[in-house]
Amino acid sequence: MEKLTIHILLVEDSRSDAHLLRRLILYADQEQWQMLHVERLSEAINASRQNSAFTFDNSQIASIKQRRFDLVLLDLSLPDSIGLDTLKEYRAAVPDIPVVVLTGLDDENLALQALAEGAQDYLVKDQMTIQRLVRAIRYAIERSEILNQLRESEERTRQALAKEQELNELKSNFVAMVSHEFRTPMTTIRTAVDILEYNSKKLTDDRRTKYFERIQNAINQMLHLLDEILFLSKTEAAKLEYKPTLVDLVNFCTELTDILQVNAGSQHSIIFTFQGEFTQAQIDEDLLNCIFTNLISNAIKYSPQNSIIWFDLICKDRLATFQVRDHGMGIPLKDQTSLFQTFYRASNVGVIQGTGLGLTIVKKCVELHGGHIQLESEQDVGTTVIVTLPLQ
Ligand code: ATP
Ligand code: MG
């Protein structure tokens, strides 16, 4: 089996000490070690930061691009730095390479302080043996790896916890919003039922029909809200599957336009146009239906009667670009960045009903297709929503 090479940076200004260490390492096991020797702290920091090739002391150019040192043997008394500051400065510049400090016989105290400052180990130069050197190097590298793994796992746990907290917050906000949204139609129903129950005899037929209509309307509003919430919860729980089948896009858009035109009555005209190189594509028909029912319903809801809604499809370069354009009330600039958030409605909606969930749902459906959605709008001029879907 090929031996793993350990790359060591030796920072030592005494030539004789460096020579001794190099000999010990060579004697330990020549093939396993690569050592670069520098004499100054500034050189050590530079060499540690360099990821490109550098010259090793056996004069060969090491072709170890992106290779970093596994360990630094650091003498604390260097020409450009003395004592504990040498270690502090090195660790501040290069925090992720383990350091073994080299000390003299009378420096034991300093060595202990160095351990407190993050050195992995220390070696007393005059008591150096091959076994001690090799053991110190191996232990230092192992400890540093374990420490790095611990740090990584701590970071992962911290991120998971933050995500969990964020989700909990979102959930409680969502429940608060939903309760609020249900309250309005429920209150309408209760008031209408009270009036019908206690004042029925005094009401004309017309007024009575009006209250029943209000009740119907409020029930429809709640059913619509329930549908949207159910759909959203499915996407959140990743239960909404993306099931592509081969669909003729022009047929699909024409049929959808016909259905939505019937619902819109004579008050709006929906016009479908197509340009392109192909019409067949692998897409999920239910999701596509959901996307354009929502977008065209918005275009109808937020534009004046007798206006035209354009539904364009361009198929080119394996991309289908759909556009839904209206000449309606448009969206104020300040609201445009928040429209894909749940329950967000623009400030100019006035009395037009809605829950602010449609676009959130549309975005999820587009993302399930690996597509992209973009909204362009100008207040009192109109809105264009562009959906681009890749078609593999
Ligand atoms: P629903 O959940 O029933 O669809 P909604 O229409 O209010 O309710 P979204 O479809 O998510 O919710 O749209 C969010 C908001 O974006 C709307 O409330 C409206 O302010 C604005 N908006 C969306 N489409 C248009 C449009 N074509 N013209 C003008 N404003 C629009
Ligand atoms: Mg809507």
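Just above, that's the structure.
Now for a look at the structure at hand. The written sequence of each chain sets the order in which its residues are numbered from 1. For naming, the first written chain is A and the first written ligand is 1, with later ones following in the order written. In view of the model being predicted, local features appear only for residues whose pLDDT reaches at least 70, and side-chain atom pairs are presented and counted only at 80 or more, with totals across whole chains, interfaces and linings using the full set of residues. Side-chain numbers here rest on the full set of heavy atoms in the structure, without hydrogens or water.

1. Re the nonpolar core
Here, nonpolar core means buried Ala, Val, Leu, Ile, Met, Phe, Trp, Tyr and Cys residues that are tied together by side-chain atoms lying within 4.5 Å of each other. When accessible area is computed with a 1.4 Å probe and restricted to protein chains, residues below 20% of their type maximum are described as buried, those above 50% as exposed, and intermediate ones as partly exposed. Core analysis: the largest hydrophobic core is formed by 58 residues, its most contacted members being Leu249, Leu288, Ile291, Phe292, Leu295, Phe322 and Val387. Considering each element in turn, this core owes the most residues, 9 residues, to helix H8 (residues 285-301). The start and end points of each domain follow an automatic or database-based domain assignment. A domain split of this core shows at least three residues from each of domain 2 (165-236) and domain 3 (245-390). Note on contacts: a residue pair qualifies if any of its non-hydrogen atoms lie within 4.5 Å across the two residues. In this structure, Leu288 is in contact with Leu249, Phe252, Ile283, Phe322, His369 and Leu389, ignoring residues within four places of it in sequence. Within the second largest apolar cluster, 22 residues are counted, among which are Ile45, Val72, Leu74 and Leu87. Think of it this way: any DSSP run of H or I at least four residues long counts as a helix, any run of E at least two long counts as a strand, and we number them from the N terminus.

2. Some points on empty space enclosed by the protein
Residues are said to line a cavity or pocket when one of their atoms sits within 4 Å of a point; the points come from a 1 Å grid over protein atoms alone, cavities being sets where a 1.4 Å probe fits but cannot get out and pockets being open sets with protein on both sides within 12 Å along at least five of seven lines. Grid points are joined across faces, edges and corners, and a volume is the space filled by probe spheres set on the points. In total, this model carries 1 cavity of 30 Å³ or more according to the counting rule given. Reported here for the largest cavity is a volume of approximately 30 Å³. As for the largest cavity, its lining consists of Glu181, Pro185, Gln221, Met222, Leu225 and Thr355. Of all the secondary structure elements, the ones that give two or more residues to the lining of the largest cavity are helix H5 (130-199) and helix H6 (205-236).

3. So, the packing of aromatic side chains
Pairing of aromatic side chains here covers Phe, Tyr and the six-membered ring of Trp, requires ring centres within 6.5 Å, and sorts the geometry by plane angle: under 30 degrees stacked, over 60 edge-to-face, intermediate tilted. On inspection of all chains with the given rule, the structure shows 4 aromatic pairs. Where Phe174 meets Phe343, the ring centres are 5.6 Å apart and the plane angle is 50 degrees; that geometry is what we call tilted. Taken together, the positions of Phe174 in helix H5 and Phe343 in the loop between helix H9 (333-336) and helix H10 (358-368) put the pair 169 residues apart, joining distant regions of the chain. A residue is classified by how much of its surface remains accessible, and Phe174, at 24% relative accessible area, is partly exposed. When its relative accessible area of 10% is taken as the criterion, Phe343 is described as buried. Members of the aromatic cluster, each reached through a chain of ring pairs, are Phe272, Phe292, Phe311 and Phe322. Each ring is checked for a lysine NZ or an arginine CZ that lies within 6 Å of its centre and within 35 degrees of its normal; such an atom marks a charge sitting over the ring. Geometry around Phe278 places Arg318 over its ring, the cationic atom sitting 4.8 Å from the centre. Lying across the ring of Phe340, Lys363 places its NZ or CZ 5.9 Å from the centre.

4. What to know about the site of ligand 1
What surrounds ligand 1 is a group of 21 residues, the closest being Asn298, Asp326, Arg345, Thr355 and Leu359. Within the side chain of Thr355, an N or O atom sits 2.8 Å from an oxygen atom of ligand 1. Pairing of N or O atoms within 3.5 Å defines a polar contact, subject to two protein rules: one partner must be a possible hydrogen donor and the other a possible acceptor, and residues neighboring in sequence count only if both atoms are side-chain atoms. Thr383 places a side-chain nitrogen or oxygen 3.4 Å from a nitrogen atom of ligand 1. In these tables, accessible area is a Shrake-Rupley quantity obtained with a 1.4 Å probe, and a residue counts as shielded only by the protein chains included in the view. Protein contact buries 97% of the 590 Å² of open area that ligand 1 shows by itself. Judged by its atoms lying within 2 Å of the grid points, ligand 1 is housed in the largest pocket. Counting residues per element, the ones that place at least two in the shell around ligand 1 are H6, H8 and H10. Take the shell around ligand 1: its biggest share by element is 3 residues, from H8. By residue class, the composition of the shell around ligand 1 is 9 nonpolar, 8 polar and 4 charged. Summary of the distance rule: residues count as near a molecule or strand when at least one heavy atom falls within 4 Å of that molecule or strand. To decide whether a molecule occupies a pocket or cavity, check its atoms: if more than half lie within 2 Å of the grid points, it is inside. Under the scheme applied here, ten amino acids are nonpolar (Ala, Val, Leu, Ile, Met, Phe, Trp, Tyr, Cys and Pro), four are charged (Asp, Glu, Lys and Arg), and all others, including Gly, are polar.

5. A word on the layout of surface pockets
By volume, the largest pocket is sized at about 920 Å³. Those elements that provide at least two residues to the lining of the largest pocket are H6, H8, strand E12 (319-326), H10 and strand E14 (382-390). Ranked by residues supplied to the lining of the largest pocket, first place goes to H8 with 8 residues. By residue class, the composition of the lining of the largest pocket is 17 nonpolar, 17 polar and 5 charged. Residue-level mapping places the lining of the largest pocket at the junction of two domains, with at least three residues from each of domain 2 (165-236) and domain 3 (245-390). Roughly 650 Å³ of internal volume is contained in the second largest pocket.

6. Describing the pairing of strand E1 (residues 6-11)
With respect to burial, E1 is a largely interior element, 6 of its 6 residues being buried. Burial along E1 is two-sided: Ile6, Ile8 and Leu10 and His7, Leu9 and Val11, pointing in opposite directions, are all buried. Between any two strands, pairing holds if DSSP finds at least two bridges. Pairing of E1 with strand E2 (residues 33-38), which is carried by 6 bridges, proceeds in the parallel orientation. Bridge assignment links Ile8 to a residue of E2, and that residue is Met35. Across 4 bridges, the pairing between E1 and strand E3 (residues 71-75) is parallel. Paired with Ile8 across the two strands is Leu71, which belongs to E3.

7. Looking at a negative patch on the surface
Together, Glu43, Asp80, Asp85 and Glu89 line one region of the surface with negative charge. Of note, Asp80 is situated in the loop between strand E4 (77-78) and strand E5 (81-82). Two distance rules govern patches: like charges are joined within 9 Å, and nonpolar side chains (Val, Leu, Ile, Met, Phe, Trp, Tyr) within 5 Å, applied only to residues with over 30% relative accessible area and no salt bridge. Salt-bridge detection follows one rule: a side-chain nitrogen of Lys or Arg within 4 Å of a carboxyl oxygen of Asp or Glu. Residues scored as charged are limited to Lys and Arg (positive) and Asp and Glu (negative), so that His and the chain ends carry no count. By convention, the point assigned to a charge is CZ for Arg, NZ for Lys, CD for Glu and CG for Asp.

8. Points about the state of the cysteines
Cysteine sulfur atoms are paired as a disulfide whenever they come within 2.5 Å of each other. Taken as a whole and assessed by the stated rule, the structure comprises 0 disulfides. Counting only cysteine sulfurs, Cys315 is the nearest neighbor of Cys253, a cysteine outside any disulfide, at a range of 8.0 Å. Residue classification places Cys315 among the buried positions, given a relative accessible area of 1%.

9. A closer look at the sheet that holds strand E6 (residues 99-103)
Spatially, the 5 strands line up as an open sheet ordered E2-E1-E3-E6-E7, and their pairing is parallel. The open sheet has two edge strands, E2 and strand E7 (121-124), and neither has a second partner. Neighbouring strand axes in the sheet, compared pairwise and without regard to direction, differ in orientation by 20 degrees on average. Each axis is a line fitted through C-alpha atoms, taken for helices only over the stretch in contact, and angles between the N-to-C directions span 0 to 180 degrees. Against the sheet, helix H4 (residues 108-116) engages E6 and E7, with an angle of about 160 degrees to E7.

Geometric values such as these leave the question of function open.
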